[in-house]
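# Tertiary structure, described
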Amino acid sequence: PAPLYAERGAGARLFDVDGNEFIDYCMAYGPLIHGHAPPAIAKAIQEQVLRGTTFGTQHRGELELARRLTTHVPCAELVCFVNSGTEAVLVALRLARAYTGKPKIVRFEGHYHGWADPILAAAGETAGTGGARWKPRAVTGGQSRSAHEDVLVLPWNDPEAVEQVLKRYGDEIAAVIMEPVLCNNGCLRPLPGYLEHVQDLCRRHGVVLIFDEVITGFRLSLGGAQQLFGVTPYLCVLGKAIAGGLPLSAVGGRREIMRLIAEGRVNHMGTLNGNPVVTAAATATIDLLAQDGGAAYRRMNALTDQLTEGLTRLARKHGIPFLINRVGPVFHTLFTERSEIRHYGDFVRYVDGARCVQFCHALFRNGVFVRPSGLWYVSTAHTPQDVEQTLAAADQAFASLAQGNTI
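The structure reproduced in this document is the subject of the present report.

The next thing to look at is the sheet that holds strand β2 (residues 13-16). Taken together, the 4 strands give an open sheet; going across it, the order is β1-β2-β3-β15, and neighbouring strands pair in mixed fashion. Each end of this open sheet is capped by a strand with a single partner; those strands are β1 (6-10) and β15 (368-369). Packing of helix α11 (residues 384-402) onto the sheet brings it into contact with β2, β3 (21-24) and β15, and relative to β3 it is tilted by some 105°.

Now the structure itself:
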């Protein structure tokens, strides 16, 4: 119930200022795909720091990283770099508007695209009624009242909603932006054929399809969710795992759209964009993931199999209604009576978030650090022994829940 103050990290372990040690499945909210302080990434950073921390000019590191992105990410014919996912989303939206000459953006309930005013929006209270059904509302205090004039908010995994809004506003819509997997809110997969259908609708209406792969990029595969599902967007946004823990994000996409930046028709600036230290970390991160034909993903998926199967077995042992939604080495633990959760509305209505918090706090008291929301990240640094220790802690946590104990 109090903030955790970290002292250091090593591999899959996090150590706090009080000397406590935790098996870490938060992984800095996703970036630490190789765990804490991986030697190869630390070495790349150290070597680059000795050559210079920033130059204010182009440099070899940008080029080397760009080559890797254009090799591995299906939609990325050209790329540009920024420091955060929020910035990358804003660049992608600006590109879409410049390319199409249209103002409006479609986004979806429960998806997160950063904290900036123009895209941070939720479905309005009038959603589903008359002409106001897609009207957004502010999420935080201090947002500009005019920030959402060109934003429409739809339910996700609902193909009819996309058809209706594009039929009505297609000549005004520049982009449809979505997370291809709704990781933060239930780890929800797209329904079969949904991504393909939205892709086809966007193509027919001249709308730029943007995948926000800040979480899924390099987490699910070298080519992210677009490679996993075989659906290539016009643009994508990458972040988190791309640089193994350093602040780097990227926008990649079709040459004819991305060249608007190269030609100076779309403004894209930033003093630390493509900083040599973070590009060195990113290159090392991606090279580790690519070794031995992507063996890192096979190892992470095998560990995640072991972990999720064990958690499910223990919940059943203690009579706890429990469900796991998973894509690759990321999963969400859901306390629910439902046999499946596939839509954001069901996640909000039928998942017991308070019970998940209690479970995660019980794990924490037994040396396992998980986000209280129930989102877990498995890294290449985790081991089978970590998983066994985690399951022993989970056995106690489930027992505590079954006995009705609270925080």
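Before going further, it helps to spend a moment on the pattern of salt bridges. Note that side chains of opposite charge can pair when their charged atoms are close. Under the defined criterion, the tally for this structure stands at 15 salt bridges. When the shortest N-O distance is used, the salt bridge between Arg13 and Glu21 registers 3.0 Å. Owing to a relative accessible area of 18%, Arg13 belongs among the buried residues under this scheme. Where salt bridges share partners, they join Glu64, Arg67, Arg68 and Asp287 into one cluster.

The subject of this paragraph is the pairing of strand β12 (residues 249-253). In terms of burial, β12 is a largely internal element, 5 of the 5 residues being buried. Neither face of β12 is exposed, since Ser249, Val251 and Gly253 on one face and Ala250 and Gly252 on the opposite face are all buried. Where strand β4 (residues 78-82) and β12 come together, 5 bridges link them in antiparallel fashion. Bridge pairing in β12 links Phe81 to Ala250. For strand β11 (residues 235-238) and β12, the ladder comprises 4 bridges, and the chain directions are antiparallel. Counterpart to Leu238 in the pairing with β12 is Ala250.

Calculation rules
Residues numbered from 1 in each chain as written. Predicted model: local features only at pLDDT ≥ 70, side-chain atom pairs only at ≥ 80, totals over all residues. Heavy atoms only, no water. Pairing = 2+ DSSP bridges. Helix = DSSP H or I, 4+ residues; strand = E, 2+ residues; numbered from the N terminus. Contact = heavy atoms within 4.5 Å. Axes fitted to C-alpha atoms, helices over the stretch in contact; angles between N-to-C directions. Salt bridge = Lys/Arg side-chain N within 4 Å of Asp/Glu carboxyl O. Buried < 20%, exposed > 50% of the residue type's maximum accessible area, 1.4 Å probe, protein only.

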